[in-house]
Amino acid sequence: MAATTRLTVAQALVRFLAAQHSERDGRRQRLLPAAFGIFGHGNVAGLGQALLQNATKPAPEEAPLPYYLARNEQAMVHTAVGFARARERLQTLVCTASIGPGSTNMVTGAALATIDRIPVLLLPADLFATRRAGPVLQQLEDPRSQEVSVNDAFRPVSAYWDRVNRPEQLPSALLEAIRVLTDPAATGAVTLCLPQDVQAEAHDWPLELFRERTWHVARPVPEPEALARATDVVGAARRPLLVAGGGVIYSGATAELTRLAEVSGIPVADTQAGKGALPGEHPLSVGGVGSTGTAAANALAAEADVVIGVGTRYTDFTTASRTAFAAEGVQFVNLNIASFDAAKHSATMLVADAARGLAALTETLGEYRVPEPYTREVADRRRAWQQVRAEVTAGSGQVPPAQVEVFGALNELLGADDVLINAAGSMPGDLQALWRSPGPGTYHLEYGYSCMGYEIPAAIGVRLARPTGEVVAIVGDGTYQMMPGELATLAQEGLKVIVVVLVNHGFASIGALSESVGSQRFGTTYRRREEATGLLSGEYVGVDFVANARSYGVAAEQVATVAELREAYARAVAAEHASVLVIETDQLADGPPASNGWDVPVAQVARLTSTQEAYAEYQHFQAKQRHHL
């Protein structure tokens, strides 16, 4: 008879998770090296007790699963995402929350992880499986079924979802969970709902469940016939453009990408997730493509006869809402580990790991090289954009400065091993066009879900994943006010992160968008309500961000100019602790010149002249859209 040990479901879960490893290219690591959590009545006696026992009185053969205390459940999922991205999706973190609002707070993080294809393991507490105490505190009662709980909200935003109603169900649920976490094509948020009574229930488990397991992360090679088809299309191209997405970086395929570009002369544009796949200083790097791309990349995209998409989802910002790739008869070759993405835009599909696929394509292309006139054009367009970039980021010396001037200074200040973190708002657009990333993993932008509040929690995850180099989170005042509490987690753990807060008194991105669609920046600035008009158009409502940051135990200072910011940044680098640097920027200052558009519908009928004019412009934009069929 197989040997067994008696543990609760939660104790067995912790012991199992601590024994899982991932491996790729001969490099083996703990898959789940730590857990974040906030405890409540739904998990304190289950997972809380199990994590405490793991930390203070583990079984002799039990590996540790260190616990970190977060301040917000959504934030701890962002932390796990930041950690997993920094580890090329080969490691991630566990997140546990209590029943009710604690768990539903994680839904936004789950959506972000699944949209961005980043593995995270979520363990929301759930109702009593026995129903003996129902309705329990924070339970949603559904008169149609007693099986429904708020955790069903995780179903559409999870790559895998399960509910463990009996101890016997745990092993199969865990094996499925780890399968998805280590699947490079189908990964995302993995949600295992844990009824609070089941967590504390004892069971006799086979010791085999807890042996160390190594999950080998696949590198699928391209199918020969598919490779031949892709080679035929690319080999006939006169004006090819390669679009590097996040899959290049997650695959660790930067060397293969560089070789293909250099051997063939094909220029490389990038998405938000793919920036740094080819360093910004490389002569074949033409920068971001799409709605917020560079003039160089977008000019090449507009006339490309073949677009080679590698590890990209082709979001509407990358395609400029299907207007970026405008040449008649343009063809797509999509190299992606997921067939779902490889098939987009009626492409010639090459389903494979990015590194394996790029290496194979380089070999089969043989002596192919783009025509010499195209090589000169790429260099000329790149040189012209670099001149524009230098002029835009130099600034005018005004006070308050434009945010692009701040970005120019920070791009000079950050070193080759430092990481920039940013997410929603106007900043990602400016950064995609202007930031020169020195290499993979140094440009950390969350733009799949474009989630405000991501940056500070993600910086914690990146800091845990990358002990060396600076981790710099740039946030607007709107984002800061959504998730400042994780500054306390930084202070608690003694983690060094530099947070740069740009204060523009509202939502600069949506303000500009509002103006472009004829809505006159309505509701986009932090102002007091005027009694005469009833509108939020009075004096600015100020927040003392320095005092706020200091109240969480983090050093902070305010600066007025970019020169002062440079000095403050040097002090932050020299410090051993986290720092917050606050600078006011001009909300109405110009950003980089736009070279493409974005589809945001405009009201078809309106009494406002501004909206009528915007709708006329919108019709002109719609006329340029195409579906590449």
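Structure: see above.
Residues numbered from 1 in each chain as written. Predicted model: local features only at pLDDT ≥ 70, side-chain atom pairs only at ≥ 80, totals over all residues. Heavy atoms only, no water.

(A) Local environment of the overall build of the protein chain. Scanning the protein chain from terminus to terminus reveals 23 helices and 23 strands. For the protein chain, whose C-alpha radius of gyration is 25 Å, the value lies close to the compact-globule estimate of 25 Å for 629 residues. Across its three principal directions, the C-alpha atoms of the protein chain cover 75 × 70 × 55 Å. A total of 629 residues make up the protein chain; the buried ones form 57% of that total. For the protein chain, the exposed surface amounts to about 25200 Å²; the carbon and sulfur share of it is 53%. Side chains of the protein chain give 51 positive and 66 negative charges; the mean places of these two sets differ by 3 Å. (Helix = DSSP H or I, 4+ residues; strand = E, 2+ residues; numbered from the N terminus. Rg over C-alpha atoms; globule rule 2.2 N^0.38 Å. Buried < 20%, exposed > 50% of the residue type's maximum accessible area, 1.4 Å probe, protein only. Areas by Shrake-Rupley, 256 points an atom, 1.4 Å probe, with all protein chains shown as cover. Lys, Arg positive; Asp, Glu negative; His and termini not counted. Charge placed at Lys NZ, Arg CZ, Asp CG, Glu CD.)

(B) Seen up close, the sheet that holds strand β2 (residues 20–24). Spatially, β3-β2-β11 is the arrangement adopted by the three strands of the open sheet, whose pairing is mixed. Looking along the sheet, the strands with just one partner apiece sit at the ends: β3 (27–30) and β11 (213–216). Averaged over all pairs of adjacent strands, the angle between strand axes in this sheet comes to 30°, irrespective of strand direction. Note that β2 and β3 share four bridges and pair antiparallel. (Pairing = 2+ DSSP bridges. Axes fitted to C-alpha atoms, helices over the stretch in contact; angles between N-to-C directions.)

(C) The arrangement of the pattern of salt bridges in detail. The tally for this structure, following the rule as stated, stands at 28 salt bridges. Glu 168 is paired through a salt bridge with Arg 166; the nearest N and O atoms lie 3.6 Å apart. The shortest N-O distance in the salt bridge between Glu 377 and Arg 381 comes to 2.9 Å. You can see Glu 377 and its partner Arg 381 sitting in helix α14 (residues 372–394), four residues apart, about one turn around the helix. Under the relative-accessibility criterion, Arg 381 is labelled partly exposed at 30%. (Salt bridge = Lys/Arg side-chain N within 4 Å of Asp/Glu carboxyl O.)

(D) The arrangement of unusual backbone geometry in detail. A cis geometry characterises the amide bond from Gly 134 onward to Pro 135, with omega recorded as -5°. Relative to the elements of secondary structure, Pro 135 occurs in the loop between β7 (120–126) and β8 (160–163). Following Val 399, the chain continues into Pro 400 via a peptide bond in cis, with omega recorded as 0°. With respect to the secondary-structure elements, Pro 400 resides in the loop between α14 and α15 (403–413).

(E) Up close: the packing of aromatic side chains. Within this structure, the stated rule accounts for nine aromatic pairs. For the pair Tyr 314 and Phe 332, a centre-to-centre distance of 5.9 Å together with 85° between the ring planes defines the contact as edge-to-face. Linking Tyr 314 in the loop between β15 (306–310) and β16 (331–336) with Phe 332 in strand β16, this pair joins segments that are 18 residues apart in sequence. Just as Tyr 314 is buried, Phe 332 falls in that class too. Between Phe 317 and Tyr 447, the aromatic rings sit 5.1 Å apart at their centres with planes inclined by 85°, giving edge-to-face as the arrangement. Taken together, the residues Phe 317 in the loop between β15 and β16 and Tyr 447 in the loop between β19 (443–445) and α17 (455–465) connect sequence positions 130 residues apart. What makes Phe 317 buried here is its relative accessible area of 12%. Judged by relative accessible area, Tyr 447 falls into the partly exposed class, the value being 21%. Among the aromatic residues, ring-to-ring pairing joins Tyr 314, Phe 325 and Phe 332 into one connected group. Taking NZ or CZ as reference, Lys 275 lies 5.6 Å from the ring centre of Tyr 443, over its face. It is Arg 527 that lies over the ring of Tyr 540; its NZ or CZ is 4.1 Å from the centre. (Phe/Tyr/Trp six-rings, centres within 6.5 Å; stacked < 30°, edge-to-face > 60°. Lys NZ or Arg CZ within 6 Å of the ring centre and 35° of its normal.)

(F) Local environment of the side chain of His 21. With respect to the helices, strands and loops of the structure, His 21 is situated in strand β2. One polar contact links the side chain of His 21 to the main-chain carbonyl oxygen of Ala 19, over a distance of 3.3 Å. Contacts of His 21, omitting those with residues within four sequence positions, involve Arg 28, Gln 29, Arg 30, Leu 31, Glu 212, Arg 213, Thr 214 and Trp 215. (Polar contact = N/O pair within 3.5 Å; in protein donor to acceptor, adjacent residues only side chain to side chain. Contact = heavy atoms within 4.5 Å.)

(G) Up close: the sheet that holds strand β9 (residues 189–195). The strand order β5-β4-β6-β7-β9-β8 describes an open sheet built from six strands, whose pairing is parallel. Among the strands making up the open sheet, the edge pair consists of β5 (67–69) and β8. The mean angle between the axes of side-by-side strands here comes to 20°, regardless of whether they run parallel or antiparallel. With three bridges connecting them, strand β4 (residues 35–37) and strand β6 (residues 94–97) associate as parallel partners. Bridge pairing in β6 links Gly 37 to Thr 96. With respect to the sheet, helix α6 (residues 170–181) is in contact with β7, β8 and β9, its orientation differing from that of β9 by roughly 160°.

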